[in-house]
Amino acid sequence: MTVDQSTKDKAQRLRALGTESVLVLPNAWDAGSAAVMAAAGAPAIGTTSGGVAWSLGRGDGERAARDEMLAAAARIAAAVDVPVTVDIESGYGAAPQEVAKTVAAVVAAGAVGVNLEDSRAPGGPLFTPQEQAERITAARAAAEAAGLPELVINVRTDVYLFGIGEESGRLADVLDRAAAYAQAGADGIFVPGLLDLAVLGELAARSPLPVNAMAGPGGPSVAELAKAGVRRVSVGTAIAQAAYTAARRSTLELLGSGTYEELAGSLDFSEVDGLFSS
């Protein structure tokens, strides 16, 4: 496979964004949401598996097929000029060769990063550190074979999200995983479910990989997370949820009082339509 220079440049840009300062990564679910985010100034965009699945009429947790998710990723990557990293959930297959197949397809879709979970299924159990390391090694080899060795591989560990093991041992578990994942070729470690700034600070100080956090309402601000040493912040399905909430509120008002106040302040039609060249 031949990867053009612009894609390689985007991959290098995504790498640089993770070191220049904290990378704030909004999560898109279709080409329209991605285009709006890019126009708002997002330096890079991540996809959200949940948001993409919902837009396809599916539930999250690999209930949308790999080909469906990757087709959506390709539309998102084609709609924006900024780097796109794709949430590939657990890789659409437990075996390393299945992860490799998914990563090769991500590169073909024009994206320059992946987010790979270490959960076998929503809620757990998790792959062992060694099993996940083998999957990461396969992902890195697939990226190189596809012509994009610069692909950014961000590995999500669900130790805190799903409450795996005793609470007192979770930090040590994540640090062990970070060491194994770094050795296998990962570029970052994503720890959703962990927003305790003191623990994040210790993790960031001791991890061989840059730490990523998933934030949201009621949690620490980007500035607070950055001060703790977090290098990348995303919001998962939260923006998609906000969009669907706006749809529900507008519909309830329309069907109830027959008024349109919930629609006030919306983006202008021409502004949205003008984001697309065809």
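This text follows the structure it describes.
Residues numbered from 1 in each chain as written. Predicted model: local features only at pLDDT ≥ 70, side-chain atom pairs only at ≥ 80, totals over all residues. Heavy atoms only, no water.

Right, let's get into the overall build of the protein. Counting secondary structure elements, the protein contains 11 helices and 9 strands. If you take every contact in the protein between residues at least 6 apart in sequence, the share linking residues at least 24 apart comes to 66%. Surface accessibility of the protein: about 12,600 Å² in total, with carbon and sulfur atoms responsible for 54%. If the 21 positive side-chain charges of the protein are averaged to one point and the 33 negative ones to another, these points end up 3 Å apart. (Helix = DSSP H or I, 4+ residues; strand = E, 2+ residues; numbered from the N terminus. Contact = heavy atoms within 4.5 Å. Areas by Shrake-Rupley, 256 points an atom, 1.4 Å probe, with all protein chains shown as cover. Lys, Arg positive; Asp, Glu negative; His and termini not counted. Charge placed at Lys NZ, Arg CZ, Asp CG, Glu CD.)

With that settled, consider the packing of helix α6 (residues 129-145) against helix α7 (residues 170-184). With their axes 8 Å apart at the nearest point, α6 and α7 run at an angle of 25 degrees to one another. Our classification of the angle between α6 and α7 gives roughly parallel. Seen from above, α6 lies across α7 with right-handed handedness. Along its contact with α6, which presents Pro129, Gln132, Ala133, Ile136 and Thr137, the element α7 presents Arg177, Ala180, Tyr181 and Ala184. Among the residues making up the contact of α6 with α7, the classes are represented as 6 nonpolar, 2 polar and 1 charged. (Axes fitted to C-alpha atoms, helices over the stretch in contact; angles between N-to-C directions. Parallel < 35°, antiparallel > 145°, perpendicular 65-115°, else oblique. Left-handed = near helix turned anticlockwise from the far one by under 90°. Nonpolar A, V, L, I, M, F, W, Y, C, P; charged D, E, K, R; others polar.)

Another point: the packing of aromatic side chains. Scanning the model with the defined rule gives 1 aromatic pair in all. Measuring from centroid to centroid gives 6.2 Å for Trp54 and Tyr244, while their planes differ by 65 degrees, and the two rings are edge-to-face. Of this pair, Trp54 sits in helix α3 (residues 49-55) while Tyr244 is found in helix α10 (residues 238-256), placing the two residues 190 residues apart along the sequence. For Trp54, a relative accessible area of 34% gives the class partly exposed. (Phe/Tyr/Trp six-rings, centres within 6.5 Å; stacked < 30°, edge-to-face > 60°. Buried < 20%, exposed > 50% of the residue type's maximum accessible area, 1.4 Å probe, protein only.)

What follows concerns the pairing of strand β4 (residues 84-87). What you see with β4 is no split at all: Val84 and Val86 on one side and Thr85 and Asp87 on the other are buried throughout. Across 3 bridges, β4 lies against strand β5 (residues 113-117) in parallel orientation. Looking at β5, one finds that Thr85 is bridged to Gly113. You can see the chain leave β4, run along helix α5 (residues 96-108) and come back into β5, and the turn it takes is right-handed. (Pairing = 2+ DSSP bridges. Right-handed = clockwise from strand over helix to strand, strands pointing away.)

The next thing to look at is the pattern of salt bridges. Across all of its chains, the model carries 12 salt bridges by this definition. Among the ionic pairs, Asp173 bridges to Arg177, the shortest N-O distance being 3.0 Å. Residue Asp173 and its partner Arg177 are located together in helix α7, separated by 4 residues, close to a single helical turn. Residue Arg177 is classed as buried on the basis of its relative accessible area, which comes to 5%. (Salt bridge = Lys/Arg side-chain N within 4 Å of Asp/Glu carboxyl O.)

Our focus in this paragraph is α7. Within an α-helix, residues lying three or four positions from one another point in the same direction, as the helix has 3.6 residues per turn. When the terminal C-alpha atoms of α7 are compared, their 21 Å separation across 15 residues agrees well with the 21 Å that a helix rising 1.5 Å per residue should span. Where α7 is concerned, the buried positions are Arg170, Leu171, Val174, Leu175, Arg177, Ala178, Tyr181 and Ala184. Buried positions along α7 lie against α6, β6 (152-156), β7 (188-190) and α8 (197-206). Backbone geometry just after α7 places Gly185 at a positive phi near 115 degrees. (Expected span 1.5 Å × (residues − 1).)

So, on to the environment of Tyr160. Counting through the fold element by element, Tyr160 comes out in the loop between β6 and α7. Sequence separation between Tyr160 and Leu171 is 11 residues, and the spatial gap between their C-alpha atoms is 8.7 Å. When near neighbours in sequence (up to four residues on either side) are disregarded, Tyr160 contacts Arg170, Leu171, Val174, Val191, Pro192, Gly193, Leu194 and Val199.

Within soluble globular proteins, side chains that are nonpolar generally end up buried alongside one another. Judged by nonpolar contacts, the single largest core of 73 residues is most densely connected at Ile45, Ile88, Val103, Leu151, Ile189 and Leu203. Sequence-distant contacts of Val103, that is, excluding residues within four places in its chain, are made with Ile88, Ala139, Ala142, Ala143 and Leu151. (Core = buried A, V, L, I, M, F, W, Y, C linked by side-chain atoms within 4.5 Å.)

Turning to the sheet that holds β5, a few remarks are in order. An order of β1-β9-β8-β7-β6-β5-β4-β3-β2 is seen for the 9 strands of this open sheet, with the pairing classed as parallel. One side of each edge strand has no neighbouring strand; the edge strands of this open sheet are β1 (23-25) and β2 (27-28). Alignment of β5 against β6, held across 5 bridges, turns out to be parallel. Counted as the bridge partner of Asn115 is Asn154 from β6. Where helix α1 (residues 5-20) meets the sheet, it contacts β1, β4, β5 and β6, and its direction lies at approximately 50 degrees from that of β6.

Taken together, the 2 bridges between β7 and strand β8 (residues 211-214) define a ladder with parallel strand orientation. Among the inter-strand pairings, Phe190 is bridged to a residue of β8, identified as Asn212. For the segment spanning β7, α8 and β8, crossover handedness is right-handed. In this sheet, strand β9 (residues 232-234) lies alongside β8 in parallel orientation, the contact comprising 3 bridges. If you follow Asn212 over to β9, its bridge partner there is Arg232. Since β8 and β9 lie parallel, the crossover through helix α9 (residues 222-227) that links them has a hand, and here it is right-handed.

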